[in-house]
Amino acid sequence: MHSDFPNIINKDGIAIYYGSILNEETLPSIYTNLFNKIAWQQDQIMMFGKAITTKRKVAFYADNQIDYTYSSVKKKGLPWTPELIQIKNLIESHTGARYNACLLNLYHTGEEGMGWHSDDEKEIILNSSIASLSIGAERKFAFKHKKSAELVNVFLEHGSLLVMKGETQTHWLHRLPPTTKISSPRINLTFRTIVG
């Protein structure tokens with residue numbers, strides 16, 4: 001399924017970067033649809049015991065109103081839109097995995113990012129595939145090994161797919177570093193398999 005694409009982290013997990021998987025002609029309409037029709041909300045997270053409202057916006061869609069808790073905040077899955085189902089089917093055809101939930105992030109500019117973390121919440125099936133689709137501004141994405149502190153960077157281009165699976169979340173952190181050089185938005189869709 002991914003023999004032509006190397007594992008970019010080389011050890012203690014698998015991270016496959018497929019590059020752009022979306023047709024360039026359809027990308028503008030997909031971007032516009034997601035930007036305008038997704039039920040975006042500012043994210044509420046708990047940090048050092050305080051509720052923080054982030055600048056970036058999020059939305060969570062899933063099968064049968066699946067719940068997902070991260071940063072001590074519970075989200076209830078919204079019903080899939082037809083457009084998200086199409087994207088999910090495309091990603092499943094590339095990865096050979098099945099997903100029942102999608103967390104979407106909208107970063108308005110490069111100044112909005114995400115700190116070091118692992119997608120290791122108890123609801124996510126251990127070592128399952130997490131597929132990350134990037135639409136909009138190209139951004140740097142960084143991995144850091146939890147023990148050796150080894151760093152691996154990849155630039156996520158418009159329409160590109162990055163898949164993390166195996167023990168990646170156990171052994172690696174990842175983040176989206178903020179940058180002042182980018183002024184346009186990026187939409188990120190992370191498809192996950194959550195315990196129903």
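Scroll up to find the structure.
Note that this is a predicted model, so its numbers are computed, not measured.

1. Describing a nonpolar patch on the surface
Side chains of Met47, Phe48 and Ile52 sit close together on the surface and give an oily, nonpolar patch of about 340 Å² of accessible area. Tracing the backbone shows Phe48 in the loop between strand E2 (41-47) and strand E3 (50-62).

2. Describing unusual backbone geometry
Most of the time, phi is negative for any residue but glycine, and the peptide bond is trans. Backbone geometry at Asp12 places phi at a positive 55°, although glycine is not the residue there. Residue Ala149 is not a glycine yet carries a positive backbone phi of 65°. Relative to the assigned elements, Ala149 resides in the loop between strand E9 (139-145) and strand E10 (151-156). For Ala149, a relative accessible area of 46% gives the class partly exposed.

3. Structural notes on the sheet that holds strand E13 (residues 186-192)
Spatially, the seven strands line up as an open sheet ordered E1-E11-E8-E13-E6-E3-E2, and their pairing is antiparallel. A single partner strand is all that each edge strand has here, and the edge strands are strand E1 (14-20) and E2. Averaged over neighbouring strand pairs, the angle between their axes works out to 30° when direction is ignored. With six bridges joining them, E3 and strand E6 (residues 101-107) adopt antiparallel strand pairing. Across the sheet, the residue bridging to Ala62 is Ala101, located in E6. Running at roughly 100° to strand E8 (residues 130-136), helix H1 (residues 27-37) makes contact with E3, E6, E8 and E13 of the sheet.

4. Digging into the pairing of strand E11 (residues 160-165)
The buried fraction of E11 amounts to six of the six residues, a majority that puts the element mostly inside the structure. Across six bridges, the pairing between E1 and E11 is antiparallel. Pairing of Ile16 across the sheet is with Val163, part of E11. Pairing geometry for E8 and E11, over five bridges, is antiparallel. Residue pairing for E11: Leu133 is matched across the bridge by Leu161.

5. Digging into the layout of surface pockets
The calculated volume of the largest pocket comes to roughly 640 Å³. Taken together, 31 residues line the largest pocket, and the ones lying closest to its centre are Arg56, Tyr107, Met114, Gly115 and His117. Residue composition of the lining of the largest pocket, grouped by class: 12 nonpolar, 11 polar and eight charged. Approximately 180 Å³ is the volume attributed to the second largest pocket. Among the secondary structure elements, those contributing two or more residues to the lining of the second largest pocket are E2, E3 and strand E5 (73-76). In terms of residue count, the dominant contributor to the lining of the second largest pocket is E5 (four residues).

6. Regarding the environment of Leu34
Structurally, the position occupied by Leu34 is in helix H1. Classification of Leu34 by relative accessible area gives buried; the value is 1%. For the pair Leu34 and Lys146, spaced 112 residues apart in the sequence, the C-alpha separation amounts to 34 Å. Those residues in contact with Leu34, other than ones at most four positions away along the chain, are Trp40, Leu84, Ile87, Leu104, Ile135, Ile187 and Leu189.

Thresholds applied
Residues numbered from 1 in each chain as written. Predicted model: local features only at pLDDT ≥ 70, side-chain atom pairs only at ≥ 80, totals over all residues. Heavy atoms only, no water. Patch = residues over 30% accessible without salt bridge, like charges linked within 9 Å, V, L, I, M, F, W, Y side chains within 5 Å. Areas by Shrake-Rupley, 256 points an atom, 1.4 Å probe, with all protein chains shown as cover. Salt bridge = Lys/Arg side-chain N within 4 Å of Asp/Glu carboxyl O. Helix = DSSP H or I, 4+ residues; strand = E, 2+ residues; numbered from the N terminus. Buried < 20%, exposed > 50% of the residue type's maximum accessible area, 1.4 Å probe, protein only. Pairing = 2+ DSSP bridges. Axes fitted to C-alpha atoms, helices over the stretch in contact; angles between N-to-C directions. Contact = heavy atoms within 4.5 Å. 1 Å grid on protein atoms, 1.4 Å probe; cavity = no way out; pocket = protein on both sides within 12 Å on 5 of 7 lines; lining within 4 Å. Points joined across faces, edges and corners; volume = space filled by probe spheres on them. Nonpolar A, V, L, I, M, F, W, Y, C, P; charged D, E, K, R; others polar.

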